[in-house]
Amino acid sequence: STANGYYYSFTYGNAKFIMLNTNNNGGSGLEKAQYDWLINELENNDCTWTFVAMHAPLYSVGKWGSDSARNGQSRALRTQLQGIFAQYGVDIVFQGHDHLASRTKALDGKGNATTESWVEESGVSYSVDPDGVVYVMDGTAGSSGGAVTSVADGIYYYAQTVATQSWADITIEGNKLTLALKYYSGGKVNTLKTWGIKKS
């Protein structure tokens, strides 16, 4: 059935992209067919990099992730997925719904921040072999900014409103990933944040 949209995956270079459909949720976490498909995709993945993209967030400082009256879906997805994302070595989970910019620390399968080692290259800080999953939001995409509801202590490197069009430019060079969070303002493209991950 495509009534609630698609879920799919593809490989590009040394990166695996898994696109989940959080509308296909049965009222809480992913429905069984999609969940089983996800496990199969993760188990049969030999790429250097693994990315998951999903609309509803596991971690967000906005109302859909932090407001207890509205974050039921986020809580259910977190319970269902954060352990397997960590178990199978997902590098980054890209999330939406709340129109904010945020990056968590590398989180283990229980949502605890792990210790990260950093190196600096050409003015960019790279987390070296992070032991956990990084959860990212890259702003509005459109022109409607969201509001920060609550910031959980200890798990975010940054979490803020972006009130104009924004997106992430990602470059992968072998075992090095660089992400630049960019936005459009004043007739030009500007960079808000830049960070990366290196694998040894």
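What counts, and where the lines are drawn
- Residues numbered from 1 in each chain as written.
- Predicted model: local features only at pLDDT ≥ 70, side-chain atom pairs only at ≥ 80, totals over all residues.
- Heavy atoms only, no water.
- Pairing = 2+ DSSP bridges.
- Helix = DSSP H or I, 4+ residues; strand = E, 2+ residues; numbered from the N terminus.
- Contact = heavy atoms within 4.5 Å.
- Phe/Tyr/Trp six-rings, centres within 6.5 Å; stacked < 30°, edge-to-face > 60°.
- Buried < 20%, exposed > 50% of the residue type's maximum accessible area, 1.4 Å probe, protein only.
- Lys NZ or Arg CZ within 6 Å of the ring centre and 35° of its normal.
- Axes fitted to C-alpha atoms, helices over the stretch in contact; angles between N-to-C directions.
- Patch = residues over 30% accessible without salt bridge, like charges linked within 9 Å, V, L, I, M, F, W, Y side chains within 5 Å.
- Areas by Shrake-Rupley, 256 points an atom, 1.4 Å probe, with all protein chains shown as cover.
- Salt bridge = Lys/Arg side-chain N within 4 Å of Asp/Glu carboxyl O.

Asks: Would you take a moment to explain the pairing of strand β7 (residues 124-128) for this structure?
Replies: If a strand is regular, its side chains alternate between the two faces of the sheet. Relative to β7, strand β6 (residues 117-121) runs antiparallel, the two sharing 5 bridges. Looking at β7, one finds that V119 is bridged to Y126. Hairpin connection between β6 and β7: a loop of 2 residues separates the two successive antiparallel strands, and S122 in this loop has a positive phi of roughly 50 degrees.

Asks: How should the environment of L181 be read in this particular structure?
Replies: Of note, L181 is situated in strand β11 (residues 176-185). Counting along the chain gives 12 residues from L181 to K193, while the straight-line C-alpha distance between them is 5.0 Å. With sequence-adjacent residues up to four places away left out, L181 is seen in contact with A101, D138, Y158, W167, N190, T191, L192 and K193.

Asks: Quick question: what am I supposed to make of the packing of aromatic side chains here?
Replies: We describe a pair of aromatic rings using the distance from one ring centre to the other and the angle between the two ring planes. Throughout the structure, instances matching the rule amount to 8 aromatic pairs. With 5.4 Å between their ring centres and 90 degrees between their planes, W118 and Y157 make a pair best called edge-to-face. Placement of the pair is W118 in strand β6 and Y157 in strand β9 (residues 156-161), with a sequence separation of 39 residues. Y157 gets classed as partly exposed once you look at its relative accessible area, which sits at 37%. Across the ring face of Y157, the terminal group of K105 is positioned such that the distance to the ring centre comes to 5.6 Å. The ring of W49 carries the charged tip of K199 above its face, separated from the ring centre by 4.4 Å.

Asks: Is there a simple way to explain the sheet that holds strand β10 (residues 166-173) in this structure?
Replies: The strands that make up a sheet pair up through hydrogen bonds in the backbone, lying either parallel or antiparallel. Here 5 strands make up an open sheet; going across it, the order is β6-β7-β12-β11-β10 and the pairing mixed. Each of the sheet's edge strands pairs with one partner strand only, and the pair in question is β6 and β10. If you compare each strand with its neighbour and ignore which way they point, the axes differ by 25 degrees on average.

Asks: Just checking my understanding: could you explain a nonpolar patch on the surface for this structure?
Replies: Taken together, the side chains of Y6, Y8, F10 and Y12 present a nonpolar region at the surface, about 530 Å² in accessible area. Structurally, Y6 is set in the segment before β1 (8-12).

Asks: Mind showing me how you'd approach the pattern of salt bridges here?
Replies: Side chains carrying opposite charge are able to pair once their charged atoms draw close together. Evaluation of the coordinates by the stated rule reveals 7 salt bridges. A salt bridge links E121 to K198, with the shortest nitrogen-to-oxygen separation between them at 2.6 Å. Of this pair, E121 sits in strand β6 while K198 sits in strand β12 (residues 188-198), and the two are 77 residues apart along the sequence. K198 sits in the partly exposed class, given a relative accessible area of 23%. For the salt bridge of D169 with K182, the shortest nitrogen-to-oxygen distance reads 3.3 Å. Here the residue D169 occupies a position in strand β10, and K182 occupies one in strand β11, the gap between them amounting to 13 residues. Within the structure, one salt-bridge network assembled from shared partners comprises E121, K176 and K198.

Asks: So what exactly am I meant to see when it comes to unusual backbone geometry here?
Replies: A negative phi angle characterises most non-glycine residues, just as the trans form characterises most peptide bonds. In this model, H97 sits at a positive phi of 75 degrees, which is unusual for a non-glycine residue. Within the element layout of this structure, H97 appears in the loop between β4 (92-95) and β5 (100-104). Note on H97: relative accessible area 28%, which makes it partly exposed.

Asks: What's the story with the environment of I18 in this structure? I'm lost.
Replies: By the secondary structure assignment, I18 is in strand β2 (residues 15-19). On the basis of relative accessibility, which here comes to 0%, the residue I18 falls in the buried class. With 10 residues separating them along the chain, I18 and Y8 place their C-alpha atoms 6.2 Å apart. If we ignore the near neighbours within four places in the chain, the residues touching I18 are Y8, S9, W37, L38, E41, L42, T50, F51, V52 and A53.

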